[in-house]
Amino acid sequence: MLKAKVKWAGGLQFIGQSGTGHAIVMDGSPDYGGDNTGMRPMELLLVGLGGCSGMDIASILAKKKQDVRGIEINVQGKQAEEYPKRFTEIEIEFIVKGKNLSEEAVKRAVELSMEKYCSVKATLEHSAKIIHSYKIVEVD
């Protein structure tokens, strides 16, 4: 079972600590009484989705012996107007940089992450439509 602990640090700032001992600062916008000292919790969901799927794709492409030089993941979420302002749609774009990358290998890695392996995507897809795309950038 995964665990986390979140402690109030004053104002709207909270420190989240994972069961593995890693910490992150969360804070609110000054418009709502925060000091803007950390990520918003909803931003963390998007970062988690990008990290989860990125790890899948990096691992799959390494097993396929692809010469990957970089992976960038752009994630954006549209929120409902009314509270609780949940995500209604999330777009995730994978930019895979490398030398002589196989289009089929990259496409398959993205599909496997999005359809089978990424637990964050599997969790979020029940409340938000998730759209994904990829782009390959050839580098020397």
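Each chain has its residues counted from 1, following the order in which its sequence is written. Given that the model is predicted, a residue must reach a pLDDT of at least 70 before its local features are reported, and side-chain atom pairs must reach 80 or more before they are shown or counted; all residues, however, enter totals for whole chains, interfaces and linings. With hydrogens and water set aside, each side-chain value is computed from the structure's full complement of heavy atoms.

Draft legend 1. Quick look at the nonpolar core. Ranked by internal contacts, the top residues of the largest apolar core, which has 22 residues, are L49, I57, L61, I90, I92 and F94. A run of DSSP states H or I qualifies as a helix once it reaches four residues; a run of E qualifies as a strand once it reaches two. Both are numbered from the N-terminal end. When residues of this core are traced back to their parent elements, those giving at least two are α1 (41-63), β5 (87-99) and α2 (103-117). Two residues form a contact once any of their heavy atoms are found within 4.5 Å. Excluding residues within four positions of it along the chain, I92 makes contact with L49, G50, S53, I73, N74, V75, M114, I130, I131, H132 and S133. To qualify as a nonpolar core, a set must consist of buried Ala, Val, Leu, Ile, Met, Phe, Trp, Tyr and Cys residues joined through side-chain atoms within 4.5 Å. Three exposure classes are used, based on accessible area relative to the maximum for each residue type with a 1.4 Å probe and protein chains only: buried under 20%, partly exposed in between, and exposed over 50%.

Draft legend 2. Quick look at a nonpolar patch on the surface. Think of a patch as exposed residues, more than 30% relative accessible area, with no salt bridge, where like charges cluster within 9 Å and nonpolar side chains (Val, Leu, Ile, Met, Phe, Trp, Tyr) cluster within 5 Å. Accessible surface is estimated by sampling points in the Shrake-Rupley manner with a 1.4 Å probe; for residues, cover comes only from the protein chains shown. One side-chain nitrogen of Lys or Arg within 4 Å of one carboxyl oxygen of Asp or Glu is enough to make a salt bridge. A cluster of nonpolar residues, V6, W8 and F14, forms a patch on the protein surface that exposes about 330 Å² of accessible area. Along the chain, the position of W8 falls in strand β1 (residues 4-10).

Draft legend 3. Molecular detail of α2. A helix is expected to span 1.5 Å multiplied by its residue count minus one. Taking 1.5 Å as the rise per residue, α2 with 15 residues should run 21 Å; its terminal C-alpha atoms sit 20 Å apart, in good agreement. Listed as buried for α2 are A105, V106, A109, V110, L112, S113 and M114. Those residues of α2 hidden inside the fold are in contact with α1, β5, α3 (119-124) and β6 (129-138).

Draft legend 4. Fine view of the pattern of salt bridges. Taken as a whole and assessed by the stated rule, the structure comprises six salt bridges. Across the salt bridge formed by R108 and E111, the nearest N and O atoms sit 3.8 Å from each other. Residue R108 and its partner E111 are located together in helix α2, separated by three residues, close to a single helical turn. Take E111: its relative accessible area is 23%, and that puts it in the partly exposed class.

Draft legend 5. Focus on the sheet that holds β5. The strand order β4-β5-β6 describes an open sheet built from three strands, whose pairing is mixed. Across the chains shown, the open sheet's two edge strands, defined by having one partner strand only, are β4 (67-79) and β6. Shown here is a sheet whose adjacent strand axes are inclined to one another by a mean of 15°, direction ignored. Taken together, the ten bridges between β5 and β6 define a ladder with parallel strand orientation. Each residue of the ladder has a partner; that of G98, found in β6, is E138. Against the sheet, α1 contacts β4 and β5, and its axis sits at roughly 150° relative to β4. The axes used here are C-alpha line fits, helices contributing only the stretch in contact, and every angle between their N-to-C directions lies in the interval 0 to 180 degrees. Seen against the sheet, α2 touches β5 and β6 and runs at an angle of roughly 155° to β6. Two strands pair under a simple rule: DSSP has to find at least two bridges between them.

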